[in-house]
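Take a look at the letters that make up each chain.
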Amino acid sequence: MEPQCKRQKTAELEDAFPWQVVPVLSERELRHVVLMPVYAAPVLDKKEASRLVKEVSAIYPLGDYPHLKRVRACGSVDSSHPLEMILCLASGKQEQDALQTLLELFPDGQLDLYGLGEPFLTQVPVYPPVTRLQYEEAASHWPVSFHENKRISQAMSGCLFTPSEKASMQSHMKLAIQAAQRGARQGMKPVGAVVVDPATGRVLAEGHDCRDGFNPLLHAAMVCIDLVACGQGGGAYSFQDYPGCTFLPSANNLDQSPSLANGLPYICTGYDMYLTREPCAMCAMALVHSRIERVFYGVPSPHGALGTKHHMHCRKDLNHRYEVFRGILEDQCRNLEHFSGLNNP
Amino acid sequence: MEAAETEAWMDRAIDMAKKALENGEVPVGCLMVYNNEIIGKGKNEVNETKNATRHAEMVAIDQVIDWCCQHKKDPEEVFGHTVLYVTVEPCIMCAAALRMMKIPLVIYGCQNERFGGCGSVLNISSATLTDTGEPFQCIAGYQSEEAVEMLKTFYRQENPNAPKSKVRKKECFN
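Cut-offs used in this document
- Residues numbered from 1 in each chain as written.
- Chains lettered and ligands numbered in written order.
- Predicted model: local features only at pLDDT ≥ 70, side-chain atom pairs only at ≥ 80, totals over all residues.
- Heavy atoms only, no water.
- Helix = DSSP H or I, 4+ residues; strand = E, 2+ residues; numbered from the N terminus.
- Buried < 20%, exposed > 50% of the residue type's maximum accessible area, 1.4 Å probe, protein only.
- Contact = heavy atoms within 4.5 Å.
- Patch = residues over 30% accessible without salt bridge, like charges linked within 9 Å, V, L, I, M, F, W, Y side chains within 5 Å.
- Areas by Shrake-Rupley, 256 points an atom, 1.4 Å probe, with all protein chains shown as cover.
- Salt bridge = Lys/Arg side-chain N within 4 Å of Asp/Glu carboxyl O.
- Lys, Arg positive; Asp, Glu negative; His and termini not counted.
- Charge placed at Lys NZ, Arg CZ, Asp CG, Glu CD.
- Core = buried A, V, L, I, M, F, W, Y, C linked by side-chain atoms within 4.5 Å.
- Phe/Tyr/Trp six-rings, centres within 6.5 Å; stacked < 30°, edge-to-face > 60°.
- Lys NZ or Arg CZ within 6 Å of the ring centre and 35° of its normal.
- Expected span 1.5 Å × (residues − 1).
- Arc of directions from axis to C-beta.
- Axes fitted to C-alpha atoms, helices over the stretch in contact; angles between N-to-C directions.
- Parallel < 35°, antiparallel > 145°, perpendicular 65-115°, else oblique.
- Left-handed = near helix turned anticlockwise from the far one by under 90°.
- Nonpolar A, V, L, I, M, F, W, Y, C, P; charged D, E, K, R; others polar.

Undergrad: Describe in detail the environment of Thr101 of chain A, supporting the description with residues and values.
TA: Residues and elements named next belong to chain A. Of note, Thr101 is situated in the loop between helix H4 (92–96) and helix H5 (102–105). Accessibility expressed as a relative area gives 34% for Thr101, which makes it partly exposed. Considered as a pair, Thr101 and Glu118 are 17 residues apart in the sequence and their alpha carbons are 6.9 Å apart. Those residues within four positions of Thr101 in sequence are excluded, and the remaining contacts are Glu118 and Pro119.

Undergrad: Outline a positive patch on the surface, listing residues and values.
TA: A contiguous patch of positive charge on the surface is contributed by Arg28, Arg31, Lys316 and Arg321 of chain A. Within the secondary structure, Lys316 of chain A sits in the loop between strand E10 (294–299) and strand E11 (323–326).

Undergrad: Would you mind going over the nonpolar core in detail, with residue names and values included?
TA: Counting residues in hydrophobic clusters, the biggest one holds 85 residues, and the most contacted among them are Met273 and Met282 of chain A. The next biggest cluster of nonpolar side chains, apart from the first, holds 23 residues, and it includes Ala155, Leu160, Tyr274 and Cys333 of chain A.

Undergrad: An account of the packing of aromatic side chains is requested, with residue identities and associated values reported.
TA: Residue and element names in this part refer to chain A. Enumeration over the complete set of coordinates arrives at 14 aromatic pairs over all chains. Ring centres of Phe161 and Phe325 lie 5.0 Å apart, and the angle between their planes is 75 degrees; this geometry places the pair in the edge-to-face category. Of this pair, Phe161 sits in the loop between helix H7 (150–156) and helix H8 (163–185) while Phe325 is found in strand E11, placing the two residues 164 residues apart along the sequence. Overall, Phe325 belongs to the buried group, its relative accessible area being 1%. Aromatic rings pair up to connect Phe161, Tyr274, Phe296 and Phe325 into one cluster. Lys166 extends its terminal NZ or CZ atom over the ring of Trp19, reaching a point 5.7 Å from the ring centre.

Undergrad: Hey, could you go over helix H6 (residues 144–156) of chain B for me, with residue numbers and the actual values?
TA: Residue and element names in this part refer to chain B. Given a rise of 1.5 Å per residue, 13 residues ought to cover 18 Å, and the 18 Å separating the end C-alpha atoms of H6 matches this to within 8%. Along H6, the residues classified as buried are Ala147, Met150, Leu151 and Phe154. Buried positions in H6, seen along its axis, are confined to an arc of 100 degrees and lie on one side of it. Residues Glu145 and Arg156 are exposed on H6 and point more than 90 degrees away from its buried face. Considering only its buried residues, H6 is in contact with helix H1 (3–22), strand E3 (82–88) and strand E4 (105–110).

Undergrad: Please provide a residue-by-residue account of the packing of helix H10 (residues 281–289) of chain A against helix H5 (residues 92–101) of chain B, values included.
TA: Across the interface, H10 of chain A lies against H5 of chain B with an axial gap of 8 Å and an inter-helix angle of 150 degrees. As judged from the angle between their axes, H10 of chain A and H5 of chain B are roughly antiparallel. The handedness of the crossing between H10 of chain A and H5 of chain B comes out as left-handed. Note on element contacts: H5 of chain B touches H10 of chain A through Ile92, Met93, Ala96, Ala97 and Met100 of chain B, opposite Ala281, Met282, Met285, Ala286 and His289 of chain A. Each residue belonging to the contact of H10 of chain A with H5 of chain B can be placed in one class, and the counts come to 9 nonpolar, 1 polar and no charged.

In structure tokens, the structure reads:
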């Protein structure tokens, strides 16, 4: 409930931003509830419930589905029995065959069937819910346990960031938009990017797409990754022909930022990247390799790899994951598509 | 294409990977071959440049672009007739880059279980992707044992440039 209170308190301030920051969640967090069939049975005598749960659980454990509650209360007043319990998983095949009886399900007499009614098939959620939305949908089928991730809930309800954090996001995205416009004036695609160290608030690199310049792979994110490297005394390219591409030399950035490892910066560890539009698969993977902390983008792209075509930021099979938010200055970022350097000298 | 010829090119790619290993880089090497001529050679240069995207393939692509400039050739025509020989399956980033450069054929040594973009983690090489160049053909398995051996040697040593692992307290989604 706490986020709700905060939300109300800051509601007026939030109205100062005509855009919404939206978390780009993983497929696991976004998927609809998937159901599977189980055998359940009414518990006719409430006093038998705890014994039945213990004994049935020993015979048919639900080890792979710890989120499923074994017993549910029967809500309706006119129900002939107070509780219902899961007996065991039913395969899709069993579903088509004739319903099994209690004696068929417990053939060896290991279970004292007293207190159990005739079994029936019902549908229960396969996966543990990870968001409140999934929890509510799952619980409408069968009771499940839910360990709420406060951070996801806050992000989804739009109150993860304070107004001052949003103001700083907005100013960083403005820099990215300006970089995009400077690039466009040199005949480049109007896409901009900025890298910020959130620990110090310092802008480490500002750049724009250079794919129509000397190298077709120099998308805005790739440019900024190299500009950060330049700032650390490395880098593979020279951007001296592009005044819209700049970096902060690390000599100006030597104070002990918490994001520095061993006192030295390591590629993009701990840094945030602002991008006017969703990056492609190459750039999204480059950000995995660069160990970026968070990515904020303005508008989705039809071939984007952070939410549209792929979820490159949250794959369990890659060795680094980062958080992604979209929607910052979305309208201005969308308008960049029509920005031509020729009309706006 | 003759197998012996492929082996010979792959030997040269292995030599590049050895150089990367000597420099303390992840040992991956590659060649770009156009009309039987090497027009690009790459090795991993991530630590040297402090840029995590400087994989062998990206370095070699830049060399081919430079070569086209010097020889007044059309890059699109050159990349369209170039074969990449690389010791390890290209990662997701490089596979996307190779698509965008429209390289038709990639011959590689061992699989890249951690980052592979030609089937191991994602299948960028053959997927239907709008606005991301063209799919390319892959032939795997040339001198894979030697490529794997070098990677094992590298990962036995600790990467001296990587930060000490620190326990993260921050709650994070995903």
